Each structure stands twice: as C-alpha cells, then as structure tokens.
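Below, each chain spelled out in residue letters.
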Amino acid sequence: MGKDVIIACDFSSAAKTFEFLDRFTGRKPFVKIGMELFYAEGPAIVKEIKKRGHKIFLDLKLHDIPNTVKKAMSVLSNLDVDLCNLHAGGTVRMMEAALEGLTREDGTRPLLIAVTQLTSTDQESMENDLLIKEPIDKVVMHYAANAKKAGLDGVVCSPLEAGKVHDICGKEFITVTPGVRFADGDVGDQKRVMTPAEAKKIGSDYIVVGRPITAAEDPVAAYERCVAEFCD
Ligand code: C5P
C-alpha cells in the first residue's frame, strides 16, 4: 500500500477549485471532493479533475437501503473515481451491496472505505441519541471489522485509531485519516490532531489534509512539506 497525501478540496465552486489546483504544476495531488463541491458542481467536476490527471477520493458517505446504495455506487464507479466511501452504520448487507454496485463488468472497481463513527460523535451523543451503550472505541473497531467482513478495503478514522484498526483488521486494511496538522500550525476546529510525521509512524496509509494546505500562503510548499513528512 503506497502512502499518499490527499488534499481536501473543500471549495464551494469549480472556479475556486481550479484556481487552487492550477498552482500544482509538478506532481498532481490526490484530491478529495466532498459533498459541498459535488452538490454544487455535479459529476462534471469529478470528470474535469480526473481529466487533469488527479486521483480522486469522492467523499459522499452513502447510507441508504442496500439496493439504493448499490445503484448509486455503480454510477460513481462509472465516474472513474479512485476511492469512495459509505457509512458502516448501514450494515454489512448494505456494504456488500455497495461493493457489488461498484464492481465494473471487467472486475475492476474503485477502492471502498467505511466511516465508522464520525469524529463529531462522542460517547454521550452515541449513548443518548443513537442508544448505543458500548464504549465508542469498541463500536469503532466493531464497525471496522464489519467493513472488513463485507469485503471493503478500509476505513476513515482518526490517526489515533489507525494502529488499532490495523491490529484488528490487518496491515492491508487501509486507514485514511483526517485531523492532520503541522507541529507549528493552527489546529482550528479539529480536536484530536497529529502531524504528518506522527500519522506516518502510527501507520496511517493516507492522510487527508485540508486547511493546512488550502489556506496556506504557499499551498504547493505546504503540500510538499506534508509529502516529505508523511511519504518519504
Ligand atoms: O481542513 P481540514 O484538514 O480539517 O480538513 C479535513 C477534511 O477531512 C475535511 O474535508 C473534513 O470534512 C474531513 N473529515 C474530518 N474528520 C472526519 C471525517 C472527515 O475532518 N472524521
């Protein structure tokens, strides 16, 4: 599994996204397209970024009945994204259906990873709102194991959970971790953060980095710094 830095392109329009991506004249970064940009610009934005030579993580976090997710995944597969995701809370059956939908006629498919519990969910909201009474760590690991059982390729998780996910689901099971900050940078609204070097040490396979790159004075230099700390 090759380690890579994924830039979260949390922009509100295609114009802003391309103004940002145009700066990268050398290495083409792996980019994450989330709900905001996808809902604003539709599938065209995915095709255009792909055409420019970037790998794409389409972060739409699907969660619906198995048949609906299966059909939606087959549309995403036709968009030729490299990585996409869903909520493990949709059950093993939904994840299996998603994989079926994602698999193309020639047997190839994008990688598929699961969100376990969102990092915005804490023990209290999980117990009170979702009526899940187990410790959150146990729930996260159980959902990761479910994703593995369904045949998925990995999970999105906090860098602090990546080591344990690998212990339980194996080294090949991909961990994609947001919440990354430079040692000398702003933490912003992220609560539990790690530097790219720490995320590497703990065994993250991909780090997702947004504002430390997108809001930097020199985004290309910030990206190169992430790559140097995490990949090299
Ligand atoms: O700007 P920043 O580096 O905080 O961006 C992190 C990206 O990862 C954002 O797109 C955010 O939505 C996403 N993300 C996250 N925490 C999760 C799941 C996704 O920060 N648990």
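Because the structure is predicted, anything quoted here is derived from the model rather than measured.

(A) Inspection of the site of the ligand at higher detail. Every residue near the ligand is listed here: Ala8, Asp10, Lys32, Thr119, Pro178, Arg181, Gln190, Val208, Val209, Gly210, Arg211 and Pro212. At a separation of 2.8 Å, an oxygen atom of the ligand approaches a polar side-chain atom of Arg181. Starting from 470 Å² of accessible surface for the ligand in isolation, the protein chains cover 80%. Here the shell around the ligand is built from residues that sort into five nonpolar, three polar and four charged.

(B) Seen up close, helix α4 (residues 66–78). For α4, which comprises 13 residues, the first-to-last C-alpha distance of 19 Å matches the rise-based estimate of 18 Å (1.5 Å per residue) to within 8%. Those residues of α4 that are buried lie in contact with β3 (56–62), β4 (83–87), α5 (92–102) and β5 (111–115). Count one or two residues on from α4 and you reach Asp80, which has phi positive near 65 degrees.

(C) Molecular detail of the nonpolar core. Ranked by internal contacts, the top residues of the largest apolar core, which has 62 residues, are Met73 and Leu86. In contact with Leu86, other than residues within four places in its own chain, are Lys61, Leu62, Met73, Met94, Met95, Ala98, Leu112, Ile113, Ala114, Val115 and Leu152. Ile6, Val115, Ile174 and Val176 belong to the second largest nonpolar core, which has twelve residues in total.

(D) Examining the packing of helix α1 (residues 14–21) against helix α3 (residues 43–51) more closely. For the pair α1 and α3, interaxial distance at closest approach is 11 Å and the crossing angle is 15 degrees. Relative to α3, the element α1 is oriented roughly parallel. Of the two elements, α1 crosses α3, and the hand of that crossing is right-handed. Residues Ala14, Thr17, Phe18 and Leu21 of α1 form the contact with α3, whose participating residues are Ile45, Glu48 and Ile49. Counted by class, the contact of α1 with α3 contains five nonpolar, one polar and one charged residues.

Reading the values: rules and limits
Residues numbered from 1 in each chain as written. Predicted model: local features only at pLDDT ≥ 70, side-chain atom pairs only at ≥ 80, totals over all residues. Heavy atoms only, no water. Near = heavy atom within 4 Å. Polar contact = N/O pair within 3.5 Å; in protein donor to acceptor, adjacent residues only side chain to side chain. Areas by Shrake-Rupley, 256 points an atom, 1.4 Å probe, with all protein chains shown as cover. Nonpolar A, V, L, I, M, F, W, Y, C, P; charged D, E, K, R; others polar. Helix = DSSP H or I, 4+ residues; strand = E, 2+ residues; numbered from the N terminus. Expected span 1.5 Å × (residues − 1). Contact = heavy atoms within 4.5 Å. Core = buried A, V, L, I, M, F, W, Y, C linked by side-chain atoms within 4.5 Å. Buried < 20%, exposed > 50% of the residue type's maximum accessible area, 1.4 Å probe, protein only. Axes fitted to C-alpha atoms, helices over the stretch in contact; angles between N-to-C directions. Parallel < 35°, antiparallel > 145°, perpendicular 65-115°, else oblique. Left-handed = near helix turned anticlockwise from the far one by under 90°.

Honestly, that's just the spatial picture; any functional story needs more than this.
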